[in-house]
Amino acid sequence: MIRFENVKKTYDDGFEALKMINLEIKEGELTVLIGPSGCGKSTLMKHINRLNNPTSGKIYIRDKDISSIDPVELRRSIGYVIQNVGLFPHMNIAKNVAVVPKLLKWDKEVTTSKVDELLSMVNLDPDVYRNRYPSELSGGQQQRIGVIRALAADPDVILLDEPFSALDPISREQLQDELIRLQQELKKTIVFVTHDMDEAIKIADTIVLMKAGEVVQTGSPEHILRHPANEFVTSFIGKKHLTNDTLDPGMIVDDVMSVNPVTASPERGMAAAIQFMERHRVDSLIIVGKKRELLGYVSIFNVLQGYRHEDSRLADIMKPFVHVVESGSSVALALTLMNEHGLPYVPVVRDGQLVGLVTRGSVVRHMAEMYNPDDMSLEELTAEAEKLKEEAPLEPAEADQEGGGRT
Ligand SMILES: Nc1ncnc2c1ncn2[C@@H]1O[C@H](COP(=O)(O)OP(=O)(O)OP(=O)(O)O)[C@@H](O)[C@H]1O
Ligand SMILES: [Mg+2]
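An account of the accompanying structure is given in this report. For every chain, the first residue of the written sequence is number 1, and numbering continues from 1 onward in sequence order. Written order decides the labels, with chains lettered from A and ligands numbered from 1. Reporting in this predicted model follows two pLDDT cut-offs: at least 70 for local features of residues, and 80 or more for side-chain atom pairs to be given and counted; totals over whole chains, interfaces and linings ignore these cut-offs and use all residues. Excluded from the side-chain calculations are hydrogens and water; all other atoms, namely the structure's heavy atoms, are used.

With that settled, consider the overall build of the protein chain. Along the protein chain, the regular secondary structure elements total 20 helices and 16 strands. Three labels apply to residues, based on accessible area from a 1.4 Å probe with only protein chains included: buried if under 20% of the type maximum, exposed if over 50%, partly exposed otherwise in between. A burial count over the protein chain gives 48% of its 407 residues as buried. For the protein chain, long-range pairs separated by at least 24 residues make up 63% of all intrachain contacts whose partners lie at least 6 apart in sequence. The helix count covers DSSP runs of H or I at least four residues long, the strand count covers runs of E at least two residues long, and both are numbered beginning at the N terminus. Here, residues are in contact when the closest pair of their heavy atoms is within 4.5 Å.

Put simply, a residue is near a molecule or strand once any heavy atom of it comes within 4 Å of that molecule or strand. Around ligand 1 sit 15 residues, and of these Ser-37, Gly-38, Lys-41, Ser-42 and Thr-43 come closest. Here a polar contact is recorded for every N or O atom pair within 3.5 Å, except that within protein the pair must consist of a potential hydrogen donor and a potential acceptor, and residues adjacent in sequence are included only if both atoms are side-chain atoms. Contacts to ligand 1 include Ser-37, whose side-chain N or O atom sits 2.5 Å from an oxygen atom. Here the accessible surface of atoms and residues is derived via Shrake-Rupley with a 1.4 Å probe, and residues count as covered only by protein chains that are part of the display. The fraction of the free accessible surface of ligand 1 (630 Å²) that becomes covered by protein chains is 65%. Here the shell around ligand 1 takes three residues from helix 1 (residues 41-48), the largest share from any one element. For this classification, the nonpolar set comprises Ala, Val, Leu, Ile, Met, Phe, Trp, Tyr, Cys and Pro, the charged set comprises Asp, Glu, Lys and Arg, and every other residue, Gly included, is treated as polar. The residue makeup of the shell around ligand 1, split by class, is five nonpolar, seven polar and three charged.

A few words on helix 1. With respect to burial, helix 1 is a largely interior element, seven of its eight residues being buried. Inspection of helix 1 places Lys-41, Ser-42, Thr-43, Leu-44, Met-45, His-47 and Ile-48 among the buried residues, and these make up the whole buried set. Arg-50 sits one or two residues past helix 1 and shows a positive phi near 60°.

Another aspect to go through is the pairing of strand 13 (residues 294-299). Strand pairing requires that DSSP identify at least two bridges connecting the strands. Where strand 12 (residues 284-288) and strand 13 come together, five bridges link them in antiparallel fashion. What sits directly across from Ile-286, in strand 13, is Tyr-297. In textbook terms, the turn of a hairpin is the stretch between consecutive antiparallel strands, and for strand 12 and strand 13 this stretch comprises five residues, one of which, Arg-292, has a positive phi near 60°.

One can describe the packing of helix 7 (residues 139-151) onto helix 8 (residues 169-186) by two numbers: an axis separation of 11 Å at closest approach and a directional angle of 15°. As far as their axial angle goes, helix 8 and helix 7 are roughly parallel. For the element pair helix 7 and helix 8, the recorded crossing hand is right-handed. Contacts between helix 7 and helix 8 involve Gly-140, Gln-143, Arg-144 and Leu-151 from the first element and Gln-174, Leu-175, Glu-178, Leu-182 and Leu-186 from the second. For the contact of helix 7 with helix 8, a count of residues per class yields four nonpolar, three polar and two charged. Where helices are involved, their axes are fitted lines through C-alpha atoms of the stretch in contact, as for all axes, and angles between N-to-C directions lie from 0 to 180°. Each angle gets one of four labels, with under 35 degrees taken as roughly parallel, over 145 as roughly antiparallel, 65 to 115 as roughly perpendicular, and the rest as oblique. If you view the pair so one helix is near and one far, a crossing is left-handed when the near helix is turned anticlockwise from the far one by less than a right angle, and right-handed when it is turned clockwise.

Let us look at the side chain of Asp-65. Along the chain, Asp-65 turns up in strand 5 (residues 64-65). Take Asp-65: its relative accessible area is 18%, and that puts it in the buried class. In this structure the side chain of Asp-65 is engaged in a polar contact, spanning 3.2 Å, whose partner is the side chain of Lys-58. Once you skip the residues sitting within four places of it in the chain, Asp-65 turns out to touch Lys-58, Ile-59 and Tyr-60.

Below is the structure:
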């Protein structure tokens, strides 16, 4: 829908605000530009409606090079909320909202009913508000007016530059919810600038993360949370978001499993098994065939029972697994199985072969790594472990029972 090709912007004083931007903004999506103050978000956005023009490179809207479109005309076809709202103080609300329809010479009645419709849409009673002046509105109400003004002429493209920045957290949440609802109905192409990662994660289809005039990473909130491109992105996302992500119900067993469970061949004898358990500090062994196909398990109690017969093999005493999970299953599924059936661990298989083991310990270890233990205090780590326990309570003896997993 909107395409930046090799766009550079150097301001008159020589400052390079955009360095080689290549970016595709998709039709009908809500794209959020985010990054530290001064990184070029507003500059980039203003290139879309030609309030800024590139020093070099091209911008296309629906494959049309916008340098060939008259800027005034272009601006009428694009809704825009500038940073800090920018309502006209001498015009009442109805007139403010109707600025672009008026420029487009819409019929008066059509305009009036459109204004009323938009006011209702953001929960402002038209009878109460249409004749008020901006100074007679709260900050949140003014920002609502800013947003509906951008929508008034029904443009396909809407640019919102930190439209909710001046709001208290509650009004902000409300407006975010309203925007999400509006967007589900209207399916506009919206470019939204914010500083706030929570906001971006909540509303974005696609996040474009910028730093010092460059795009650092582009992707869905989920993708950026799971696969931050570099340190900068990680620090920008912040630990809090890693938390949300780690507890995400979409997390799969492959992310958390121990990949080197202690295994033994079914041909081994009892004495060997005991020595093996001793050496690896486990109380059970996973029995796999030559191609790592999962055959069963043997616990220390089975071994003690089989010990009397000198030529017993693990194959004679092993038990089959009743519960296994496929690679790619959710961690939630594994934890539920462990919890409901009191299992110390669940094997993870792919095509019948053992690929890993989910133990409660492995889940906790994974969480701890995700949390970047270097800057996490022991208290924080413990708190997280507690949280996990609430989801899948550990039995008191769990640590001792963690058979098969490495300790
Ligand atoms: N007209 C101008 N002349 C020179 N430099 C400018 C001009 N406008 C912006 N800049 C500089 O370009 C850089 C990017 O500005 P921009 O307004 O795009 O940042 P931003 O990412 O929107 O920041 P914020 O989050 O604070 O709004 C800044 O360093 C700014 O000082
Ligand atoms: Mg800005």
